[in-house]
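Residue strings, one per chain:
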Amino acid sequence: LKTEYYSDEGYQLAPSYNPHVGRRIKKPITDFETCTHLLKGSIGAGILAMPRGFYHAGIITGFIGTILLTASVIYAIDTLIRMQYIQCKRLQVPFLTLPRSMKIGLLNGPRCLRKLAWIAPIIVDFFLVAYQLGTCTAYVIFIGQSMKHIAEPRLVENLDLRIYLLIIFVPVVLINYIRNLKRLTPVSFVANILTIIAFSSCFYYIFCVGPFKYEETNLVSSVTTWPLFIGVVLFAINAFGVIIALEHHMVTPAHFLGCKGIFPWSLLTVIIALEHHMVTPAHFLGCKGIFPWSLLTV
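Residues numbered from 1 in each chain as written. Predicted model: local features only at pLDDT ≥ 70, side-chain atom pairs only at ≥ 80, totals over all residues. Heavy atoms only, no water.

### What to know about unusual backbone geometry
- In this structure, Gln-92 takes a positive phi of about 60° despite not being glycine.
- Locating Gln-92 in the fold gives a position in the loop between helix 6 (59–91) and helix 7 (98–107).
- Using a relative accessible area of 31% as the deciding quantity, one classes Gln-92 as partly exposed. (Helix = DSSP H or I, 4+ residues; strand = E, 2+ residues; numbered from the N terminus. Buried < 20%, exposed > 50% of the residue type's maximum accessible area, 1.4 Å probe, protein only.)

### Points about the packing of aromatic side chains
- Counting across every chain of the model gives 2 aromatic pairs.
- Relative to Phe-229, the ring of Phe-54 lies with its centre 6.2 Å away and its plane at 85°, an arrangement referred to as edge-to-face. Here Phe-229 lies in helix 11 (residues 226–237) and Phe-54 lies in helix 5 (residues 50–57), a separation of 175 residues in the sequence.
- Assessed through its relative accessible area of 5%, Phe-54 is described here as buried.
- Given the relative accessible area of 3%, Phe-229 is considered buried.
- The ring of Tyr-55 is capped by Arg-52, whose NZ or CZ atom sits 5.1 Å from the centre of that ring. (Phe/Tyr/Trp six-rings, centres within 6.5 Å; stacked < 30°, edge-to-face > 60°. Lys NZ or Arg CZ within 6 Å of the ring centre and 35° of its normal.)

### Notes on helix 10 (residues 181–209)
- In this model helix 10 runs 39 Å from its N-terminal to its C-terminal C-alpha over 29 residues, within 8% of the 42 Å that 1.5 Å per residue would give.
- What helix 10 keeps buried is the set Leu-181, Leu-184, Thr-185, Ser-188, Ala-191, Asn-192, Thr-195, Ile-196, Phe-199, Ser-200, Phe-203 and Phe-207. (Expected span 1.5 Å × (residues − 1).)

### Focus on the UniProt feature "transmembrane region" (unreviewed entry) in the protein chain
- Under the local residue numbering, the UniProt record ascribes the feature "transmembrane region" (unreviewed entry) to residues 54–77, 116–141, 161–178, 187–206 and 226–246.
- Counting secondary structure, residues 54–77 comes out at 96% helix and 0% strand; the distance between its end C-alpha atoms is 25 Å.
- End C-alpha atoms of residues 116–141 are separated by 37 Å, and the span's content is 85% helix alongside 0% strand. (UniProt positions renumbered as here; feature names shortened; annotations may be inferred.)

### Things to note about the environment of Ala-14
- Along the chain, Ala-14 turns up in the loop between helix 1 (8–13) and helix 2 (19–22).
- Overall, Ala-14 belongs to the buried group, its relative accessible area being 9%.
- With 73 residues separating them along the chain, Ala-14 and Gln-87 place their C-alpha atoms 9.1 Å apart.
- In this structure Ala-14 touches Lys-89, Arg-90 and Gln-92, once residues within four positions along its chain are discounted. (Contact = heavy atoms within 4.5 Å.)

Below, the structure written as structure tokens:
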């Protein structure tokens with residue numbers, strides 16, 4: 001990158017320059033592989049917390065709020081990637097990192113914001129690391145607690161949670177050493193299948209075995225608990241750190257956005273599954289059953 005400022009020459013050449021063509025990725029991923037990673041990044045343990053989220057918001061508020069929050073996330077990330085694409089065209093570069101893109105946007109933006117350009121990359125990196133570290137820590141603790149519930153009292157008794165975290169430390173670290181998204185696809189695919197099986201089992205015991213009483217749920221909860229609902233929803237559907245990397249490593253990045261793009265339809269799949277299972281009680285099998293709809297989600 002020769003300069004971080006837009007030039008008249010860049011504006012003139014922008015219409016004829018395609019950043020996607022200039023990208024050189026050693027092992028790019030296909031649309032199917034991108035969708036596999038995106039679903040794995042968006043559908044996880046966070047969705048299991050959605051009943052608590054609906055408890056804080058209410059059935060009606062939760063239903064509408066989940067749709068609005070998902071739409072806002074899709075719009076924000078869609079806008080971000082499109083603006084990065086415009087920056088790449090104007091600067092004649094195939095790709096820009098998120099911190100660099102933020103800096104360039106401020107340098108070429110309003111004069112009152114240009115002084116913040118030097119600190120913008122630091123802020124972006126900080127929040128990206130904090131977000132990824134926070135979510136990954138939550139998932140590791142979730143795995144450790146699940147192992148503890150399974151092992152006790154069948155195998156051991158009163159074993160400290162930190163011991164379970166130490167047990168899963170090695171496999172978690174080894175999986176993180178797979179930096180190539182192409183090689184990581186089978187892992188994400190198997191994880192998606194296991195997730196569907198786990199969710200199907202949960203929904204079966206909730207709706208078919210457990211004493212589910214729909215009339216005892218709140219339609220609209222107190223406004224003071226809505227922030228907790230917002231936090232749960234964003235934790236359940238947002239995979240911001242994964243999305244940018246996926247778009248960068250695609251064979252056909254142009255297929256990522258748009259009305260028929262992988263990104264909006266993948267998140268729409270998440271929201272359909274979430275709304276279907278959390279708001280409307282259903283049986284395990286049948287036309288409206290949990291199991292076929294879970295497979296349809298995949």
